Amino acid sequence: MIITRTPFRMSFFGGGTDIQSFFQQYGGSVISTTFDKYCYVTVRNLPRFFDYSSEISYSKLERVTAVEDIQHPAVRNAMEMMGIHHLRLTYEADLPARSGLGTSSSFAVGMLNAFHALKGKYADKRKLADEAIHLERDLCKEAGGWQDQIAASFGGFNRINFNKDGTYDVYPIIMNPERKQQLDENLIMFFTGFTRFSSEIQKSNMTLGDNKIKQRLAMLELVEQAEKILNDDSIPLDEFGKLLDYTWQLKRQTGSAVTTARIDDLYNRGVAAGALGGKLLGAGGGGFLVFYVQPEKKESVKKALNDLLYVPFRFENSGTRVIYYSEE
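Nothing here was measured: the structure is a model prediction, and the numbers come from that model. (Residues numbered from 1 in each chain as written. Predicted model: local features only at pLDDT ≥ 70, side-chain atom pairs only at ≥ 80, totals over all residues. Heavy atoms only, no water.)

Novice: Could you clarify how one ought to interpret the sheet that holds strand β9 (residues 277-280) in this entry?
Specialist: Strand order in this open sheet of four strands is β9-β10-β8-β11, and the pairing throughout is antiparallel. With partners counted over all chains shown, the strands left at the sheet margins are β9 and β11 (309-310), one partner each. Across two bridges, the pairing between strand β8 (residues 187-191) and β11 is antiparallel. The residue of β11 that forms the bridge with Phe 191 is Leu 309. Together, β8 and β10 (288-292) form the strand contacts of helix α6 (residues 177-186), whose direction differs from that of β8 by roughly 30°. (Pairing = 2+ DSSP bridges. Helix = DSSP H or I, 4+ residues; strand = E, 2+ residues; numbered from the N terminus. Contact = heavy atoms within 4.5 Å. Axes fitted to C-alpha atoms, helices over the stretch in contact; angles between N-to-C directions.)

Novice: What should I look at first to understand the packing of helix α2 (residues 73-82) against helix α3 (residues 103-118) in this one?
Specialist: Each pair of packed helices can be described by the angle between their axes along with the distance between the axes. Direction vectors running N to C along α2 and α3 enclose 30°, while the axes themselves pass 11 Å from each other. The two elements α2 and α3 cross, and the hand of that crossing is right-handed. Counted together, Ala 74, Val 75, Ala 78, Met 79, Met 81 and Met 82 of α2 and Phe 107, Met 111, Leu 112, Phe 115 and His 116 of α3 form the full contact between these two elements. For the contact of α2 with α3, a count of residues per class yields ten nonpolar, one polar and no charged. (Left-handed = near helix turned anticlockwise from the far one by under 90°. Nonpolar A, V, L, I, M, F, W, Y, C, P; charged D, E, K, R; others polar.)

Novice: What should I look at first to understand the packing of aromatic side chains in this one?
Specialist: The geometry of an aromatic ring pair is captured by the separation of the ring centres together with the interplanar angle, meaning the angle of the planes. For the structure shown, the criterion picks out 18 aromatic pairs. Aromatic pair Phe 12 and Phe 157: ring centres 5.7 Å apart, planes at 20°, arrangement stacked. On the criterion of sequence distance, the pair formed by Phe 12 in strand β1 (residues 2-13) and Phe 157 in strand β6 (residues 157-162) is long-range, its members being 145 residues apart. Looking at Phe 12, the relative accessible area reads 1%, which means it is buried. Overall, the relative accessible area of 4% leaves Phe 157 in the buried class. For the pair Phe 157 and Phe 315, a centre-to-centre distance of 5.3 Å together with 85° between the ring planes defines the contact as edge-to-face. Placement of the pair is Phe 157 in strand β6 and Phe 315 in strand β12 (residues 315-316), with a sequence separation of 158 residues. According to the relative accessible area criterion, Phe 315 is buried, its value standing at 13%. Three or more aromatic residues link up through ring pairs in this structure, and these residues are Phe 12, Phe 13, Phe 35, Phe 157, Phe 240, Phe 313 and Phe 315. (Phe/Tyr/Trp six-rings, centres within 6.5 Å; stacked < 30°, edge-to-face > 60°. Buried < 20%, exposed > 50% of the residue type's maximum accessible area, 1.4 Å probe, protein only.)

Novice: Would you take a moment to explain α6 for this structure?
Specialist: Given 3.6 residues per turn, any residue in an α-helix points the same way as the ones three and four places further on. All of the buried residues in α6 are Arg 179, Leu 183, Asp 184 and Asn 186. For α6, the N-terminal capping position is held by Asn 176, with its side-chain oxygen 2.8 Å away from the main-chain nitrogen of Glu 178. (Polar contact = N/O pair within 3.5 Å; in protein donor to acceptor, adjacent residues only side chain to side chain.)

Any functional reading would require information beyond the geometric quantities listed.
So this is what it looks like as structure tokens:
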């Protein structure tokens, strides 16, 4: 039996520039972090006592006699890709799917990590990220970028650069530990109660008209500014919060499906209560709102949004891990 634990991520700057059609022409870069909410994938070889050969448990329960009969596209394609058969797989998570935290990619990374371990092999973080990108973007044909798979694999607070030649580089953000802790404490997150498929919103935003290119190039420039704020102790950390507001205003213009009147109202209530800035996490349309709030304004913001679920969190650095391994 194998159990993997894979973190979810929150992306701060550069979202949308990690889409291959964009970064191979203009380059791309994001700043993101993983945090201490996880998905867990348990796999084991299924004993040959049953009239089915594989059992897949997630929001549904599938029992099939052939891999090609599995309805879940990521599981089916991953098993075919790696030659896995006679399997019992269970998925559990701390937070809901389709909520803007890269949950589907965390699952893909954790599942592939478990499959390698089941075959008695070690896969490094880059291999897992590459395979998860191939699984979701090529085999499953899901629209979207590359940052989620990389963040889930590597873990930590990183700048990820996407190069025109189709490669990427992961650079940990260098911060004073006290400054990083203060940032961690100043970020608060709420669940809006909406879930949606990121790939559906990504499809609606894939066409790169002149306005979208201009907006994404502007969002790309903010990555440099954000990294400078994080690196330079002489710059007030509050500038990070203000920059979050600016990138959210840019992101709102990249597609009609990014926000709704309800989300705009929630965001405006948070800012009116004292948040310096924030953004909706993920492709848009619903999920989680994160705000940058000075310590003395936290209770005011929580009160203003008391109809939402407040979700405490802390940064994490480990990325995907095998947390239980037992040979059968």
